[in-house]
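Here is how the chains run, residue by residue.
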Amino acid sequence: MLESEKSATFAADFYKLKEKNRNMAGYLSGDSRKVTTHRLIEMKQRGEKISMLTSYDYTIAQIVDGAGVDVILVGDSASNVMAGNVTTLPITIDQMIYHGKSVMRGVKRALVVVDMPFGSYQADPFDGVRNAIRIMKETGADALKLEGGEEVIDAIRRIIGAGMPVMGHLGLMPQSINKYGTYGVRAKGDAEAEKLVRDAHLLEEAGCFALVLEKIPADLAKRVASELTIPVIGIGAGGAVDGQVLVVADMLGMTKGFSPRFLRRYADLHTVMTDAIGQYVADVKSSDFPNESEQY
Ligand code: KIV
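Residues numbered from 1 in each chain as written. Predicted model: local features only at pLDDT ≥ 70, side-chain atom pairs only at ≥ 80, totals over all residues. Heavy atoms only, no water.

For the chain, the name recorded in an unreviewed UniProt entry is 3-methyl-2-oxobutanoate hydroxymethyltransferase, with Phocaeicola coprophilus DSM 18228 = JCM 13818 as its organism. The annotation that UniProt attaches to the chain under Function (unreviewed entry) is "Catalyzes the reversible reaction in which hydroxymethyl group from 5,10-methylenetetrahydrofolate is transferred onto alpha-ketoisovalerate to form ketopantoate." (UniProt positions renumbered as here; feature names shortened; annotations may be inferred.)

What follows is the structure in C-alpha coordinates.
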(Lines give C-alpha, C1' and ligand atoms only; values in the text may rest on other atoms or scores of the structure.)
Protein backbone atom coordinates (compact mmCIF):
# COMPACT_ATOMS: atom_id res chain seq x y z
CA MET A 1 0.00 0.00 0.00
CA LEU A 2 1.32 3.46 -0.89
CA GLU A 3 2.09 5.87 1.97
CA SER A 4 -0.73 8.20 0.79
CA GLU A 5 -3.26 5.29 0.76
CA LYS A 6 -2.13 4.23 4.23
CA SER A 7 -2.69 7.68 5.62
CA ALA A 8 -6.11 7.95 3.88
CA THR A 9 -7.17 4.61 5.48
CA PHE A 10 -5.86 5.78 8.86
CA ALA A 11 -7.80 9.05 8.53
CA ALA A 12 -11.02 7.21 7.57
CA ASP A 13 -10.67 4.82 10.56
CA PHE A 14 -9.86 7.71 12.86
CA TYR A 15 -12.98 9.66 11.84
CA LYS A 16 -15.19 6.53 12.11
CA LEU A 17 -13.91 5.96 15.66
CA LYS A 18 -14.35 9.63 16.51
CA GLU A 19 -17.95 9.54 15.24
CA LYS A 20 -18.65 6.39 17.26
CA ASN A 21 -17.28 8.02 20.41
CA ARG A 22 -19.26 11.21 19.75
CA ASN A 23 -22.48 9.21 19.45
CA MET A 24 -21.75 7.48 22.75
CA ALA A 25 -21.46 10.79 24.59
CA GLY A 26 -24.47 11.73 26.71
CA TYR A 27 -25.10 14.99 24.91
CA LEU A 28 -25.51 13.27 21.52
CA SER A 29 -27.34 10.16 22.70
CA GLY A 30 -30.44 12.31 23.18
CA ASP A 31 -30.41 11.77 26.95
CA SER A 32 -30.06 15.34 28.04
CA ARG A 33 -32.05 14.84 31.24
CA LYS A 34 -30.46 16.27 34.38
CA VAL A 35 -28.46 13.62 36.25
CA THR A 36 -29.84 13.04 39.75
CA THR A 37 -28.61 10.98 42.70
CA HIS A 38 -31.49 8.59 41.98
CA ARG A 39 -30.38 8.15 38.36
CA LEU A 40 -26.84 7.29 39.51
CA ILE A 41 -28.21 4.44 41.60
CA GLU A 42 -30.23 3.24 38.57
CA MET A 43 -27.02 3.36 36.50
CA LYS A 44 -25.32 1.06 39.00
CA GLN A 45 -28.31 -1.30 38.93
CA ARG A 46 -28.17 -1.66 35.15
CA GLY A 47 -24.35 -1.86 35.08
CA GLU A 48 -23.82 1.48 33.30
CA LYS A 49 -20.50 3.02 34.36
CA ILE A 50 -20.56 6.55 35.80
CA SER A 51 -18.12 9.18 34.50
CA MET A 52 -17.00 11.92 36.88
CA LEU A 53 -14.44 14.73 36.50
CA THR A 54 -13.54 17.75 38.57
CA SER A 55 -14.15 21.34 37.44
CA TYR A 56 -13.51 24.58 39.25
CA ASP A 57 -14.63 27.28 36.83
CA TYR A 58 -17.40 28.19 34.36
CA THR A 59 -15.47 27.67 31.12
CA ILE A 60 -14.14 24.18 31.88
CA ALA A 61 -17.44 23.12 33.50
CA GLN A 62 -19.31 24.02 30.28
CA ILE A 63 -16.93 21.82 28.25
CA VAL A 64 -17.01 18.93 30.73
CA ASP A 65 -20.81 19.03 30.92
CA GLY A 66 -21.21 19.39 27.16
CA ALA A 67 -19.00 16.34 26.57
CA GLY A 68 -21.43 14.17 28.53
CA VAL A 69 -19.75 13.69 31.92
CA ASP A 70 -22.33 12.44 34.46
CA VAL A 71 -20.98 13.98 37.68
CA ILE A 72 -18.90 17.14 38.11
CA LEU A 73 -16.96 17.43 41.33
CA VAL A 74 -16.00 20.88 42.54
CA GLY A 75 -13.11 19.26 44.37
CA ASP A 76 -11.07 20.81 47.13
CA SER A 77 -8.21 19.84 44.79
CA ALA A 78 -8.92 23.41 43.59
CA SER A 79 -6.52 24.24 46.42
CA ASN A 80 -3.71 22.54 44.47
CA VAL A 81 -4.84 23.03 40.87
CA MET A 82 -6.21 26.58 41.00
CA ALA A 83 -4.34 28.14 43.93
CA GLY A 84 -1.00 26.28 43.79
CA ASN A 85 -1.11 25.08 47.40
CA VAL A 86 0.81 21.92 48.29
CA THR A 87 -2.23 20.33 50.02
CA THR A 88 -6.02 20.68 50.02
CA LEU A 89 -6.01 21.95 53.62
CA PRO A 90 -5.83 25.74 53.11
CA ILE A 91 -8.92 26.15 50.88
CA THR A 92 -11.77 27.96 52.66
CA ILE A 93 -15.56 27.66 52.57
CA ASP A 94 -15.78 31.03 50.79
CA GLN A 95 -13.34 29.86 48.11
CA MET A 96 -15.26 26.58 47.61
CA ILE A 97 -18.47 28.60 47.28
CA TYR A 98 -16.83 30.83 44.63
CA HIS A 99 -15.73 27.76 42.62
CA GLY A 100 -19.10 26.04 43.13
CA LYS A 101 -21.08 29.05 41.89
CA SER A 102 -18.81 29.43 38.84
CA VAL A 103 -19.25 25.76 37.90
CA MET A 104 -23.02 25.84 38.40
CA ARG A 105 -23.36 28.64 35.84
CA GLY A 106 -21.80 26.38 33.20
CA VAL A 107 -23.66 23.12 33.84
CA LYS A 108 -26.97 21.92 32.40
CA ARG A 109 -26.93 18.14 32.69
CA ALA A 110 -24.32 16.79 35.13
CA LEU A 111 -24.92 16.31 38.84
CA VAL A 112 -22.72 18.87 40.62
CA VAL A 113 -21.08 17.84 43.90
CA VAL A 114 -19.11 20.33 46.02
CA ASP A 115 -16.39 19.20 48.46
CA MET A 116 -16.78 20.41 52.03
CA PRO A 117 -13.30 21.78 52.82
CA PHE A 118 -11.00 20.76 55.67
CA GLY A 119 -12.20 22.13 59.00
CA SER A 120 -15.77 22.74 57.92
CA TYR A 121 -17.29 19.55 59.43
CA GLN A 122 -14.68 17.69 61.53
CA ALA A 123 -14.86 19.72 64.75
CA ASP A 124 -18.58 19.69 65.41
CA PRO A 125 -21.48 18.00 63.52
CA PHE A 126 -23.72 21.05 64.03
CA ASP A 127 -21.08 23.31 62.50
CA GLY A 128 -20.96 20.78 59.67
CA VAL A 129 -24.70 21.15 59.08
CA ARG A 130 -24.51 24.98 59.16
CA ASN A 131 -21.60 24.98 56.69
CA ALA A 132 -23.31 22.41 54.46
CA ILE A 133 -26.46 24.57 54.33
CA ARG A 134 -24.37 27.62 53.43
CA ILE A 135 -22.57 25.81 50.60
CA MET A 136 -25.82 24.35 49.18
CA LYS A 137 -27.71 27.68 49.45
CA GLU A 138 -24.98 29.88 47.98
CA THR A 139 -23.76 27.57 45.18
CA GLY A 140 -27.05 25.95 44.18
CA ALA A 141 -25.11 22.66 43.86
CA ASP A 142 -26.85 19.27 43.91
CA ALA A 143 -24.81 17.52 46.60
CA LEU A 144 -21.80 17.61 48.93
CA LYS A 145 -18.79 15.34 49.43
CA LEU A 146 -17.12 14.73 52.81
CA GLU A 147 -14.01 12.69 53.59
CA GLY A 148 -14.09 10.04 56.32
CA GLY A 149 -16.09 7.23 57.90
CA GLU A 150 -16.92 6.56 61.54
CA GLU A 151 -15.07 9.69 62.77
CA VAL A 152 -17.41 12.05 60.89
CA ILE A 153 -20.53 9.88 60.69
CA ASP A 154 -22.53 12.17 63.02
CA ALA A 155 -21.96 15.16 60.76
CA ILE A 156 -22.88 13.08 57.70
CA ARG A 157 -26.09 11.75 59.31
CA ARG A 158 -27.17 15.25 60.33
CA ILE A 159 -26.38 16.79 56.93
CA ILE A 160 -28.39 14.06 55.17
CA GLY A 161 -31.09 14.44 57.83
CA ALA A 162 -31.32 18.13 56.95
CA GLY A 163 -32.08 17.17 53.35
CA MET A 164 -28.70 17.43 51.64
CA PRO A 165 -27.34 14.52 49.57
CA VAL A 166 -23.85 13.37 50.61
CA MET A 167 -21.18 11.50 48.66
CA GLY A 168 -18.67 9.73 50.93
CA HIS A 169 -14.90 9.51 50.36
CA LEU A 170 -12.66 6.77 51.80
CA GLY A 171 -9.20 5.35 51.13
CA LEU A 172 -6.65 8.08 50.53
CA MET A 173 -8.25 11.17 52.02
CA PRO A 174 -6.08 14.18 51.10
CA GLN A 175 -7.48 16.26 53.99
CA SER A 176 -5.69 13.79 56.32
CA ILE A 177 -2.34 13.95 54.53
CA ASN A 178 -0.56 15.22 57.63
CA LYS A 179 -1.71 12.13 59.53
CA TYR A 180 -0.54 9.71 56.76
CA GLY A 181 2.63 11.60 55.82
CA THR A 182 2.50 10.19 52.27
CA TYR A 183 0.17 10.00 49.25
CA GLY A 184 0.87 6.24 48.91
CA VAL A 185 -1.76 3.52 48.38
CA ARG A 186 -4.04 3.08 51.44
CA ALA A 187 -5.60 -0.02 53.04
CA LYS A 188 -2.96 -2.49 51.90
CA GLY A 189 -2.96 -4.16 55.34
CA ASP A 190 -5.86 -6.23 56.74
CA ALA A 191 -6.74 -3.90 59.63
CA GLU A 192 -7.06 -0.77 57.47
CA ALA A 193 -8.89 -2.72 54.76
CA GLU A 194 -11.45 -4.09 57.25
CA LYS A 195 -11.99 -0.61 58.73
CA LEU A 196 -12.55 0.75 55.22
CA VAL A 197 -15.19 -1.92 54.50
CA ARG A 198 -16.93 -1.17 57.83
CA ASP A 199 -16.84 2.58 57.10
CA ALA A 200 -18.25 2.02 53.60
CA HIS A 201 -21.25 0.16 55.09
CA LEU A 202 -21.70 2.86 57.74
CA LEU A 203 -21.80 5.53 55.02
CA GLU A 204 -24.37 3.57 53.01
CA GLU A 205 -26.51 3.03 56.14
CA ALA A 206 -26.25 6.74 56.98
CA GLY A 207 -27.83 7.47 53.57
CA CYS A 208 -24.90 8.51 51.35
CA PHE A 209 -25.94 8.28 47.68
CA ALA A 210 -22.44 7.34 46.41
CA LEU A 211 -18.91 6.74 47.61
CA VAL A 212 -15.50 7.74 46.24
CA LEU A 213 -12.65 5.30 46.89
CA GLU A 214 -9.23 6.82 46.33
CA LYS A 215 -5.97 4.93 45.79
CA ILE A 216 -6.67 1.53 47.33
CA PRO A 217 -6.00 -2.01 46.03
CA ALA A 218 -8.33 -2.95 43.15
CA ASP A 219 -9.53 -6.17 44.86
CA LEU A 220 -10.62 -4.26 47.95
CA ALA A 221 -12.48 -1.68 45.82
CA LYS A 222 -14.17 -4.54 43.92
CA ARG A 223 -15.32 -6.07 47.22
CA VAL A 224 -16.77 -2.74 48.43
CA ALA A 225 -18.54 -2.10 45.11
CA SER A 226 -20.11 -5.56 45.18
CA GLU A 227 -21.23 -5.30 48.82
CA LEU A 228 -22.80 -1.82 48.53
CA THR A 229 -25.98 -0.94 46.68
CA ILE A 230 -24.88 2.70 46.20
CA PRO A 231 -22.46 3.52 43.33
CA VAL A 232 -18.75 3.35 44.13
CA ILE A 233 -16.60 5.74 42.07
CA GLY A 234 -12.89 5.02 41.98
CA ILE A 235 -9.73 7.04 41.51
CA GLY A 236 -6.77 4.69 41.51
CA ALA A 237 -9.10 1.91 42.70
CA GLY A 238 -9.17 -0.30 39.59
CA GLY A 239 -11.88 -1.05 37.05
CA ALA A 240 -14.28 -3.24 39.04
CA VAL A 241 -16.16 -0.28 40.56
CA ASP A 242 -19.22 1.58 39.28
CA GLY A 243 -17.49 4.65 37.86
CA GLN A 244 -14.28 6.63 37.60
CA VAL A 245 -13.20 10.13 38.60
CA LEU A 246 -10.10 12.10 37.62
CA VAL A 247 -8.89 15.64 38.17
CA VAL A 248 -9.64 17.42 34.89
CA ALA A 249 -6.33 19.31 34.70
CA ASP A 250 -4.41 16.04 35.12
CA MET A 251 -6.32 14.01 32.50
CA LEU A 252 -6.03 16.90 30.01
CA GLY A 253 -2.26 17.02 30.56
CA MET A 254 -2.25 20.62 31.81
CA THR A 255 -0.32 19.67 34.94
CA LYS A 256 3.27 18.44 34.71
CA GLY A 257 5.33 16.29 37.04
CA PHE A 258 2.37 14.38 38.52
CA SER A 259 2.08 10.93 37.01
CA PRO A 260 0.64 8.32 39.35
CA ARG A 261 -0.05 4.92 37.77
CA PHE A 262 -3.83 5.47 37.76
CA LEU A 263 -3.67 8.67 35.71
CA ARG A 264 -4.44 8.30 32.00
CA ARG A 265 -3.64 11.47 30.08
CA TYR A 266 -6.10 12.10 27.24
CA ALA A 267 -4.32 15.17 25.88
CA ASP A 268 -1.12 17.14 26.27
CA LEU A 269 -2.62 20.58 26.81
CA HIS A 270 0.54 21.76 28.56
CA THR A 271 2.41 21.49 25.24
CA VAL A 272 -0.53 22.75 23.15
CA MET A 273 -0.96 25.82 25.37
CA THR A 274 2.77 26.53 25.69
CA ASP A 275 3.17 26.35 21.88
CA ALA A 276 0.15 28.60 21.27
CA ILE A 277 1.27 31.19 23.83
CA GLY A 278 4.85 31.05 22.54
CA GLN A 279 3.52 31.70 19.02
CA TYR A 280 1.48 34.67 20.31
CA VAL A 281 4.58 36.14 22.00
CA ALA A 282 6.55 35.75 18.76
CA ASP A 283 3.71 37.34 16.71
CA VAL A 284 3.48 40.35 19.07
CA LYS A 285 7.25 40.84 19.10
CA SER A 286 7.46 40.66 15.30
CA SER A 287 4.38 42.94 14.85
CA ASP A 288 2.67 40.13 12.90
CA PHE A 289 -0.26 40.41 15.36
CA PRO A 290 -2.61 42.19 14.94
CA ASN A 291 -2.84 42.34 11.15
CA GLU A 292 -5.18 44.59 9.13
CA SER A 293 -8.19 42.29 9.41
CA GLU A 294 -7.73 42.08 13.19
CA GLN A 295 -8.21 45.80 13.80
CA TYR A 296 -11.04 48.38 13.52
O1 KIV B 1 -10.83 17.08 45.37
C2 KIV B 1 -10.80 16.19 44.51
O3 KIV B 1 -10.42 16.42 43.35
C4 KIV B 1 -11.24 14.84 44.88
C5 KIV B 1 -11.06 13.76 43.87
C6 KIV B 1 -9.66 13.35 43.78
C7 KIV B 1 -11.96 12.61 44.11
O8 KIV B 1 -11.68 14.63 45.96
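Core analysis: the largest hydrophobic core is formed by 59 residues, its most contacted members being Leu144, Ile156, Ile159, Leu211, Leu213 and Val224. In terms of residues, this core owes the most to one element, helix H9 (residues 190-206), which gives six residues. Residues in contact with isoleucine 156, not counting those within four places in the same chain, are Leu146, Gly148, Val166, Leu203, Ala206 and Cys208. In this structure, Ile50, Ala143, Met167 and Ile235 belong to the second largest nonpolar core, which totals 17 residues. (Core = buried A, V, L, I, M, F, W, Y, C linked by side-chain atoms within 4.5 Å. Buried < 20%, exposed > 50% of the residue type's maximum accessible area, 1.4 Å probe, protein only. Helix = DSSP H or I, 4+ residues; strand = E, 2+ residues; numbered from the N terminus. Contact = heavy atoms within 4.5 Å.)

The environment of the ligand is made up of Thr54, Leu73, Gly75, Asp76, Ser77, Asp115, Lys145, His169, Glu214, Ile235 and Val247. One of the side-chain nitrogen or oxygen atoms of aspartate 115 is found 3.1 Å away from an oxygen atom of the ligand. In this structure, lysine 145 approaches the ligand through a side-chain N or O atom, which is 2.9 Å from an oxygen atom. (Near = heavy atom within 4 Å. Polar contact = N/O pair within 3.5 Å; in protein donor to acceptor, adjacent residues only side chain to side chain.)

The final tally for this structure, using the stated rule, is 14 salt bridges. A salt bridge links glutamate 48 to arginine 46, with the shortest nitrogen-to-oxygen separation between them at 2.8 Å. Residue classification places arginine 46 among the exposed positions, given a relative accessible area of 51%. A salt bridge links glutamate 151 to lysine 195, with the nearest nitrogen and oxygen atoms 3.0 Å apart. Of this pair, glutamate 151 sits in the loop between strand E4 (143-145) and helix H7 (153-161) while lysine 195 sits in helix H9, and the two are 44 residues apart along the sequence. The exposure class of glutamate 151 is exposed, given its relative accessible area of 55%. Among the charged side chains, a salt-bridge network with shared partners connects Asp94, Arg134 and Glu138. (Salt bridge = Lys/Arg side-chain N within 4 Å of Asp/Glu carboxyl O.)

Quick look at the UniProt feature "binding site: 3-methyl-2-oxobutanoate" (unreviewed entry) in the chain now. Following the UniProt record, one finds the feature "binding site: 3-methyl-2-oxobutanoate" (unreviewed entry) at Asp76, Ser77, Asp115 and Lys145. These annotated residues cover 70 residues of sequence, and their C-alpha atoms lie no more than 12.4 Å from one another, placing them together at a single site. Among the structural elements, aspartate 115 can be located in strand E3 (residues 111-115). The exposure class of aspartate 115 is buried, given its relative accessible area of 3%. When residues no more than four places from it in sequence are discounted, the contact partners of aspartate 115 are Leu73, Val74, Gly75, Asp76, Met96 and Lys145. A polar atom in the side chain of lysine 145 sits 2.8 Å from the side chain of aspartate 115.

Moving on: the UniProt feature "binding site: Mg(2+)" (unreviewed entry) in the chain. Within this numbering scheme, the UniProt entry marks Asp76, Asp115 and Glu147 as carrying the feature "binding site: Mg(2+)" (unreviewed entry). With the annotated positions falling across 72 residues, the maximum pairwise C-alpha distance of 10.8 Å places them together in a single cluster. Turning to its location among the elements, aspartate 76 is positioned in the loop between strand E2 (71-74) and helix H4 (78-81). Owing to a relative accessible area of 4%, aspartate 76 belongs among the buried residues under this scheme. Leave out the neighbours within four places in its chain, and aspartate 76 touches Thr88, Ile91, Met96, Asp115, Glu147 and Gln175.

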